[in-house]
Amino acid sequence: MKPTRLVATALTLTALSSGAALAQTYTTPDGCSYTRAQAPGHPATWHLILNPERIGLPTPTARCAAML
């Protein structure tokens, strides 16, 4: 089963670094990066990206709120 997990992990990382995922990010002036999520019928919410450096976003310079 390990090969399947590796493929799934590779697909997830590719999806996160694609242009569509980056278009749904917001970075505050102090470097906190958030990603947008929205369930059908509900308003959009912004969630903190815990390791923004992995997808090429800046490192936070301040303490960040978990959600906006």
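See the structure printed just above.
Counting restarts for each chain: residues are numbered from 1 in the order of the written sequence. Note on the predicted model: pLDDT of at least 70 is required for a residue's local features to be given, and 80 or more for side-chain atom pairs to be given and counted; whole-chain, interface and lining totals, by contrast, use all residues. Side-chain figures throughout are based on the complete set of non-hydrogen atoms in the structure, without hydrogens or water.

**Student:** Just checking my understanding: could you explain the state of the cysteines for this structure?
**Tutor:** Two cysteine sulfur atoms form a disulfide, by the criterion used here, when they sit within 2.5 Å. Per the counting criterion, the structure on display carries 1 disulfide. Between the sulfur atoms of Cys32 and its disulfide mate Cys64 the distance is 2.0 Å. One disulfide, between Cys32 and Cys64, carries an S-S torsion of -85° and so falls in the left-handed class. Within this pair, whereas Cys32 is found in the loop between β1 (25-27) and β2 (33-37), its partner Cys64 is found in the segment after β3 (45-48), the two being separated by 32 residues in sequence. By relative accessible area, Cys64 is classed as partly exposed at 21%. Helix numbering and strand numbering both begin at the N terminus, where a helix is a DSSP run of H or I of at least 4 residues and a strand a DSSP run of E of at least 2. Buried residues are those whose accessible area, probed at 1.4 Å on protein chains only, stays under 20% of the maximum for their type, while exposed residues exceed 50% and partly exposed ones sit between those limits.

**Student:** Mind showing me how you'd approach the environment of Leu57 here?
**Tutor:** Structurally, Leu57 is set in the segment after β3. Taking the C-alpha atoms as reference points, Leu57 and Thr25, separated by 32 residues in sequence, lie 9.3 Å from one another. Contacts were defined at the residue level, with two residues in contact if any of their heavy atoms lie within 4.5 Å. Contacts of Leu57, omitting those with residues within four sequence positions, involve Thr25, Thr27, Ser33, Ile49 and Pro52.

Honestly, it's all geometry; don't read function into it.
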